[in-house]
Amino acid sequence: MQFEISRETLIKPLQLVTGVVERRQTLPVLSNVLLVLDGNQLSMTGTDLEVELIGRVEIENGSQSGEVTVPARKLMDICKSLPDSASLKMELDDNKLVIRSGRSRFTLSTLPPSDFPSAEESSEALEFSISQERLKEMLDSTSFAMAQQDVRYYLNGLLFEVSPNFLRVVATDGHRLAMDTEDMSTSADKIIQVIVPRKGILELARLLAEGEDSVDIVIGSNHIRAKTANFTFTSKLVDGKFPDYDRVLPKGGDKKIIADRNELRQSLSRTAILSNEKFRGIRLTLLDDEIKILANNPEQEEAEEIVAVEYKGDSLEIGFNVSYLIDVLTVLDTETVQVIVSDSNSSALIQGADGSSALYVVMPMRL
């Protein structure tokens, strides 16, 4: 195996692939990245057995095909430390990878490529394509609501629901829910639901580019795969049943508030400073054309903000975790936001006032 590559060409895909590799590994080969040179194409693979990522780059003069695994972070650190305009010559010599660049020379240990695990192919699979930009938008608008280390392991991931005419992603941690839907035709003949683990979602969102380029999604029985011209990403699925999100969506709310998203977010952020650090509770009081936001804490400190909104109806007092409201108002990108509630014990339904595809539910708090 022998080839030459510029630092600029190598560093970005190598960074993405190394991001998948965990620092502490039970198997030594999992700390390595698999390099495969086939003609003029160099592919780099990293895995932690849950998530696998293959990055691909074209090489101008790949003189000798072959494959090898080398320590991922050491190779990454070598590339980072070289000047921007550097060129790297790599050569396999007596089971060591020798890297030369200018007056520098590095020799890395290797492990046999045959020891490197690869994600299995699934025969029964559902395939569809979607623009990378739109999928990234859907993941970014919902992934914040995934649970982090919940014992209900199926909440530590994102639901992908594919039907014949839409793709929907849903996240919930039991206190709030985020959902985004894209109307599109797929090859599914019935509704299919799979849960992608948290790490897989965060890695996939990092990979997706902005622009018109599409990504091909393949959903198998125990994994999901995303393919573009530059990478192939595979993640195992969470084996579990996602809650029935439709039952959580509030129905029949009669109190509708229209507010300036940015103004409301800033008022909540200021009030949050004096909320209880542990419970983060605030009290909202709905009045004609205004919301009063109140917060206090065990030190007897208090904050009050009044925000002008569009609202006509009965007055209502309702408590929320302020962090959950701020999270929703941060990911929404519309100028105005619509909040629908029915009473002080029911969840709030929040979405962009222009009827954006993302929809959010936040449960109330007893204060």
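The model shown is predicted, which means the values in this text are computed figures rather than measured ones. (Residues numbered from 1 in each chain as written. Predicted model: local features only at pLDDT ≥ 70, side-chain atom pairs only at ≥ 80, totals over all residues. Heavy atoms only, no water.)

**Things to note about the overall build of the protein chain**
Move 1: When helices and strands are tallied, the protein chain shows 7 helices and 25 strands.
Move 2: Principal-axis analysis of the C-alpha atoms places the extent of the protein chain at approximately 80 × 50 × 35 Å.
Move 3: A total of 367 residues make up the protein chain; the buried ones form 50% of that total.
Move 4: Sequence separation of 24 or more characterises 67% of the internal contacts of the protein chain that already satisfy a separation of 6 or more.
Move 5: With an accessible surface of roughly 18500 Å², the protein chain has 44% of that area assigned to carbon and sulfur atoms.
Move 6: Computed over 39 positive and 58 negative side-chain charges, the inter-centroid distance for the protein chain is 6 Å. (Helix = DSSP H or I, 4+ residues; strand = E, 2+ residues; numbered from the N terminus. Buried < 20%, exposed > 50% of the residue type's maximum accessible area, 1.4 Å probe, protein only. Contact = heavy atoms within 4.5 Å. Areas by Shrake-Rupley, 256 points an atom, 1.4 Å probe, with all protein chains shown as cover. Lys, Arg positive; Asp, Glu negative; His and termini not counted. Charge placed at Lys NZ, Arg CZ, Asp CG, Glu CD.)

**Some points on the sheet that holds strand S20 (residues 290-296)**
Move 1: Across the sheet, which stays open at both edges, the 4 strands sit in the order S21-S20-S19-S22 with antiparallel pairing between neighbours. The open sheet is flanked by strand S21 (302-308) and strand S22 (316-321), the only strands paired with a single partner. When strand polarity is set aside, the average angle formed by the axes of neighbouring strands in this sheet is 20°.
Move 2: Relative to S21, S20 is paired through 7 bridges, and the arrangement is antiparallel. Bridge pairing in S21 links isoleucine 293 to glutamate 305.
Move 3: The sheet strands contacting helix H6 (residues 261-272) are strand S19 (281-287), S20 and S21, and the helix crosses S21 at an angle near 170°.
Move 4: Contacting S19 and S22, helix H7 (residues 322-331) crosses the sheet at an angle of about 85° to S22. (Pairing = 2+ DSSP bridges. Axes fitted to C-alpha atoms, helices over the stretch in contact; angles between N-to-C directions.)

**As for the pattern of salt bridges**
Move 1: Summed over all chains, the structure comprises 18 salt bridges.
Move 2: A salt bridge links arginine 134 to aspartate 180; its shortest N-O distance comes to 3.1 Å. Here arginine 134, found in helix H3 (residues 132-142), pairs with aspartate 180, found in strand S13 (residues 176-183); they are 46 residues apart in sequence, far enough to count as distant.
Move 3: Note on arginine 134: relative accessible area 12%, which makes it buried.
Move 4: Its relative accessible area of 2% is what places aspartate 180 among the buried residues.
Move 5: Members of the salt-bridge network, linked through shared partners, are Arg134, Glu137, Asp180 and Glu182. (Salt bridge = Lys/Arg side-chain N within 4 Å of Asp/Glu carboxyl O.)

**A word on the confidence of the model for the protein chain**
Move 1: Looking at the protein chain, the pLDDT average stands at 94 and 99% of residues meet or exceed 70.
Move 2: In the model of the protein chain, strand S5 (residues 61-64) stands out as the element of lowest mean pLDDT, 72, in contrast to H6, which has the highest, 98. (pLDDT = per-residue confidence, 0-100.)

**Topic: the packing of aromatic side chains**
Move 1: Overall, the coordinates contain 2 aromatic pairs when judged by the stated rule.
Move 2: Between phenylalanine 144 and tyrosine 360, the ring centres sit 5.9 Å apart and the planes meet at 35°, which makes this aromatic pair tilted. Of this pair, phenylalanine 144 sits in the loop between H3 and strand S11 (157-163) while tyrosine 360 sits in strand S25 (residues 358-362), placing them 216 residues apart in sequence.
Move 3: With a centroid separation of 5.7 Å and an interplanar angle of 70°, the aromatic rings of tyrosine 153 and tyrosine 154 are classed as edge-to-face.
Move 4: With a relative accessible area of 23%, tyrosine 154 lands in the partly exposed category.
Move 5: Looking at arginine 168, its charged tip hangs above the ring of phenylalanine 166, at a distance of 4.5 Å from the centre. (Phe/Tyr/Trp six-rings, centres within 6.5 Å; stacked < 30°, edge-to-face > 60°. Lys NZ or Arg CZ within 6 Å of the ring centre and 35° of its normal.)

**A short note on the nonpolar core**
Move 1: Judged by nonpolar contacts, the single largest core of 96 residues is most densely connected at Leu35, Leu42, Leu135, Phe160, Leu268 and Ile350.
Move 2: Top contributing element to this core by residue count: H7, with 6 residues.
Move 3: Residues in contact with leucine 135, not counting those within four places in the same chain, are Ile130, Phe160, Leu167, Leu204, Leu208, Val215 and Ile217.
Move 4: Counting 13 residues, the second largest nonpolar core, distinct from the first, contains Val170, Ile195, Phe242 and Leu359. (Core = buried A, V, L, I, M, F, W, Y, C linked by side-chain atoms within 4.5 Å.)

**Thoughts on H6**
Count 3.6 residues to each turn of an α-helix, and residues three or four apart come out pointing the same way.
Move 1: With 12 residues, H6 extends 16 Å between its outermost C-alpha atoms, agreeing within 8% with the 16 Å of an ideal straight helix rising 1.5 Å per residue.
Move 2: Among all positions in H6, only Arg261, Leu264, Ser267, Leu268, Thr271 and Ala272 are buried. Looking straight down H6, one finds its buried side chains confined to an arc of 135°; they lie on one side.
Move 3: Close packing links the buried residues of H6 with strand S18 (255-260), S19, S20, S21, H7 and strand S23 (336-341). (Expected span 1.5 Å × (residues − 1). Arc of directions from axis to C-beta.)

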